[in-house]
Structures are given as C-alpha cells and as structure tokens.
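Given next are the chains, with one letter for each unit.
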Amino acid sequence: MNGAKRHEIFRRLRENNPAPTTELNYDSPFELLVAVVLSAQATDVGVNKATARLFPVANTPQAILALGEEKLREYIKTIGLYQTKARNVIGLCAALIERHGGEVPRSREALEALPGVGRKTANVVLNTAFGEPTIAVDTHIFRVANRTGLAPGKTVRAVEDKLVKFTPAEFARDAHHWLILHGRYVCKARKPECARCVIVDLCEFRQKVLDTTAAPLV
C-alpha cells in the first residue's frame, strides 16, 4: 500500500470520528493504567462495570494497597483472570509508590517494569493518558492492519513497527483509537461490514463484499 492511500484512509477515519478515545472509563492516568491491566482478555464493558464499583472506593495506589488483594478480588471477580489481575494490580501499586512516588511514569521502560504491564499496556497509557503517538496493537488493530493491507505483518510487533513508520504524522496521535474502533464495530473478525465501511474502496482485502446500493457510514 502506498503513502497516498494510507493518508486517505486516515483522513476518512478522522472525518468520520474527529475525536476518538478509549472506551474504558477513567479520570486519571492511574485509573487508566489499572483499567488497561484489567482489560486483558476482557471486554471494555466488563471492565467499566468493575471499575465503576472499585474506583469510588479506591482509585489511588495507596487506597488500593490499603484495600488489599482479597478485597480487591471481590470488586473485579466478574472479570476473567481476576485473581492474577488482582495480584498484579497490588504489585504495580506497591511499585508505583516505591519507585515513582505514587505517580504513573511517562516512560515506556518504567511502565513495562511494573507488574502486569507489557508493551501493549504501556503503549495505551502513553498514548491515551500522555498524548504520545504510540500504537498499541491488539487483536482488532492486528486484524485491520493485515486485512486492509495498511500494515501487514506476521507478529504484533511487526505490525506496530510498520504502523509507527508509515502512519502520517498528522494522524499519529489518534491512529490507535481509529483502528481499534474500526475493527471493533466495522471490520469485524467473523464478518466485516464492508457496506458500512468508509475506506472500502481503499481496502486491499480480497474477500471484501461491495454493496453498491448501500450508503457508507459517514
């Protein structure tokens, strides 16, 4: 895919959604960090239901540590892998207090050194909380990048590196959210809704279904 086509893809995604953001509910970088850690192999809807109960009670590293792992599990037990996630959240809270004065660090290295925080989680926090032009490749972005031809790659890291390299600078800040939302609601895994797609004519997916009678989503 050439640069002009990539630029037009992002231009249309921006036109369709000028101010994209995460669907996780949060009011601080720390709340976002916890929500993203909890979101692994879970839906944003499920995480939001759990944090709606948790954050009014404990939404700082100190408060969650005071709550303790056993009580934390009770708040998040509706989320998959909640026992491991509770242990990781307690660990990252302790690490934030010990290493960073209770504040969420703004460097990838420091974030990835926290329990339960990998590259994808660090990218989400850097992008959404701090405005860095990072791209966290989840299953949606991996699928969209490969299916459309935007940034094909066999591994998550290969796709991330291509997206970072080839995404025009003016779109870099929001590319992460546009691609996730496009994959979640339009370019779905089992059956992409090509008739509703604003980039269908630019997409290089060989099995796309064109419906000339249906108006695109605008």
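In case you missed it, the structure is sitting above this.
None of the values given here were measured: they were computed from a predicted structure.

Chemist: I tried to follow helix 9 (residues 139–148) on my own but got confused; where do I start?
Modeler: Because an α-helix packs 3.6 residues into every turn, residues spaced three or four apart end up facing the same way. Across the ten residues that make up helix 9, a large majority, seven, are buried. Along helix 9, the residues classified as buried are His 140, Ile 141, Arg 143, Val 144, Ala 145, Arg 147 and Thr 148. Buried residues along helix 9 sit against helix 10 (156–166) and helix 11 (175–185). Just downstream of helix 9, Gly 149 is the residue with a positive phi angle, here 90 degrees.

Chemist: When you look at the nonpolar core in this model, what are you seeing that I'm missing?
Modeler: Across soluble globular proteins, you tend to see nonpolar side chains buried next to one another. Grouped together as the largest cluster of nonpolar side chains are 36 residues, with contacts concentrated most on Leu 33, Ile 64, Leu 72 and Leu 92. Those elements giving two or more residues to this core turn out to be helix 2 (29–38), helix 3 (44–54), helix 4 (61–67), helix 5 (69–76), helix 6 (82–100) and helix 8 (119–128). With eight residues, helix 2 is the single largest residue contributor to this core. With residues up to four places along the chain from it excluded, the contact list for Leu 33 reads Leu 92, Leu 96, Val 104, Leu 114, Val 117, Thr 121 and Val 125. Counting 25 residues, the second-largest nonpolar core is a separate cluster that includes Phe 10, Ala 145, Val 159 and Leu 202.

Criteria and thresholds
Residues numbered from 1 in each chain as written. Predicted model: local features only at pLDDT ≥ 70, side-chain atom pairs only at ≥ 80, totals over all residues. Heavy atoms only, no water. Buried < 20%, exposed > 50% of the residue type's maximum accessible area, 1.4 Å probe, protein only. Helix = DSSP H or I, 4+ residues; strand = E, 2+ residues; numbered from the N terminus. Contact = heavy atoms within 4.5 Å. Core = buried A, V, L, I, M, F, W, Y, C linked by side-chain atoms within 4.5 Å.

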